[in-house]
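Close look at the chain arrangement
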Amino acid sequence: MPIYLTTPIYYVNDKPHIGHAYTSLATDVLARWHRLAGREVFFLTGTDEHGQKVEKAALDAGEAPQAFTDRVSQAFRDLTQTMGFSNDAFIRTTEKRHYAACQALWTRLADRGQIYLGGYEGWYAVRDEAFYGPDELTERDGVKYAPSGAPVEWVTEPSYFFKLSEWADRLLEFYEANPDFIAPASRRNEVISFVKSGLSDLSISRTSFKWGVPVPGDDAHVMYVWLDALTNYITALGYPDEGADLWRFWPADVHFVGKDILRFHAIYWPAFLMAAGIAPPTRIFAHGWWTNEGQKISKSLGNVIDPVALVEEFGLDPVRYFLLREVPFGQDGDFSRAALTNRLNGELADVLGNLANRTLSLIQRNCEGKLPAGPAAEADAALLEPLASLPAAVGQLLEKQEYHLALEEVFRAVRGANGYITVQAPWSLKKTDPERMVAVLGHLHTALRAYATVLQPFMPATMAKLLDQLGVPEDSRGLASLATPLPPGTSLPPPAPLFRKIEAGA
């Protein structure tokens, strides 16, 4: 069954930060998990490059909009490399194919009577590229602000409108029929409440700037950036050619977004699609925001978290692990260096790394570096029995985007294995019961293989290193391969530490 997973396309008015890395990481882990299970996956990310905000940022930088977006978009493409993301495609909204897709969708909506020309007056936030109702605004020192904190200005101009007001009841019916469409549940309730309060027709074009997709048949207008941006998800699959090979991936299984853009994805996007006769996506998951050492992250405070700098300091896989381990995905979380250090030193180095190093070092010294094997005893049941159900348990949690619980499921087993090696004491068994020592080390190897296999989506490079040390061939690292034991006597390379501990306060 094809699986389609997307990040939002990131706005190119500034360089990437921890929030961009976080959303893409969640998408990457789920994509890697499905591939591990043998499924065909299409993982899309990219950049959103149109709109008044980008035009202004380019002007401020003294560059033409295309040159500006070329430069900043590359920084987001570079981030996918730095963070080890496995995206299958990277889309840019300045691509010709995207112009064609947007104009085709517009034309279809217009042909179906869903678009009309009118005039717009209302409060507009340039930073959000969004219009807001008067009841959503707050005022401080004579300036009105959107719920996001962005200042708004009064805009009067001709505009094309999408008949969003006609879709309120059908959206509510859709939410009712698809209770998992919006997650987490708290966000679903917010969206339903908003739609129940009434929807106004949506302005979908602007005439006050030119950096955007021209409206078909009326070049005085460019498309509202959200109609343009959201269309990327179907552009990448070949739209308007619904016979294209990649179109079989539609509808998307999960759109991952930050909570600040949930409304656009959970209200506007399904309404656009249903109005065009296209199936809506299956699920929208809106995650929370990070603070930095208890403070809201902002450029003015100078506390923006640079994911590239984090990776350089702590290593890629520890950062990947920490971001999805520390906070339930969907809730706001606080980043702290102490917490990252504690996770790295405690769970990764002391719990998993130490277990692997002790086990593999004992095999090298006592089994001539060859995979040991022996019968299971009653004392081995607590270690071995959970292994068969571990992939399914992790998979069920990942299907619900409960990453922290999936990791806890694995590390509960790893902690149990540490208890097992302490109790069984294979270093002592060499003198008292060498056959039992061989069996215990073989069972620990089996357990480590299972842990390393299911942790690959979270820490791909480090788990590849561990699987190398366990002697697992590269073509035997999928979930299904766990059912086939490695041949006893397989030569294992000398072990090497998996994680570099960080000195507290360093």
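Here goes a summary of the coordinates provided.

What counts, and at which threshold
Residues numbered from 1 in each chain as written. Predicted model: local features only at pLDDT ≥ 70, side-chain atom pairs only at ≥ 80, totals over all residues. Heavy atoms only, no water. Phe/Tyr/Trp six-rings, centres within 6.5 Å; stacked < 30°, edge-to-face > 60°. Helix = DSSP H or I, 4+ residues; strand = E, 2+ residues; numbered from the N terminus. Buried < 20%, exposed > 50% of the residue type's maximum accessible area, 1.4 Å probe, protein only. Lys NZ or Arg CZ within 6 Å of the ring centre and 35° of its normal. Pairing = 2+ DSSP bridges. 1 Å grid on protein atoms, 1.4 Å probe; cavity = no way out; pocket = protein on both sides within 12 Å on 5 of 7 lines; lining within 4 Å. Points joined across faces, edges and corners; volume = space filled by probe spheres on them. Nonpolar A, V, L, I, M, F, W, Y, C, P; charged D, E, K, R; others polar. Contact = heavy atoms within 4.5 Å. Bend = angle between axes of the 7 residues up to and from the residue.

What about the packing of aromatic side chains?
Taken as a whole, this structure holds 25 aromatic pairs when the rule is applied. The interplanar angle of 55° and the centroid separation of 5.4 Å between the aromatic rings of Tyr 321 and Phe 411 together place this pair among those described as tilted. In this pair, Tyr 321 is assigned in helix α11 (residues 316-325) and Phe 411 in helix α14 (residues 403-424), connecting sequence segments 90 residues apart. In this pair, the class of Tyr 321 matches that of Phe 411, namely buried. What links up through ring pairs into an aromatic cluster is the set Tyr 4, Phe 42, Tyr 233, Tyr 239, Trp 247, Phe 249, Trp 250 and Trp 269. Taking the ring centre of Tyr 145 as reference, the NZ or CZ of Arg 140 above it sits at 3.9 Å.

Side note on the sheet that holds strand β5 (residues 115-125)
Read across the open sheet, the 4 strands follow the order β6-β5-β9-β11; overall the sheet is antiparallel. The open sheet has two edge strands with one neighbour each: β6 (130-132) and β11 (202-203). The pairing of β5 with strand β9 (residues 153-162) spans 10 bridges and is classified as antiparallel. In the strand pairing of β9, Tyr 124 is matched with Glu 153.

Quick notes on the layout of surface pockets
Considered as a void within the structure, the second largest pocket measures approximately 450 Å³ in volume. Around the second largest pocket, the lining comprises 21 residues; the ones closest to its centre are Tyr 132, Gly 133, Glu 136, Phe 194 and Ser 200. Those elements that place two or more of their residues in the lining of the second largest pocket are β5, β6, β11 and α9 (262-275). Considering only residue class, the lining of the second largest pocket consists of 11 nonpolar, 6 polar and 4 charged.

Examining the sheet that holds strand β17 (residues 290-292)
The 3 strands lie next to each other as β18-β17-β19, forming an open sheet whose pairing is mixed. Each edge of the sheet is formed by a strand with only one pairing partner; in this case those strands are β18 (295-296) and β19 (333-335).

So, the environment of Met 463
Residue placement: Met 463 occurs in helix α17 (residues 460-469). Classification of Met 463 as buried rests on a relative accessible area of 0%. Leaving out residues up to four positions away in the same chain, Met 463 has contacts with Leu 352, Ala 452, Leu 455, Gln 456 and Phe 499.

Some details on helix α12 (residues 337-366)
The largest bend in α12 amounts to roughly 35° and is located at Ala 349. In the stretch just after α12, Glu 368 is the one whose phi turns positive, near 60°.

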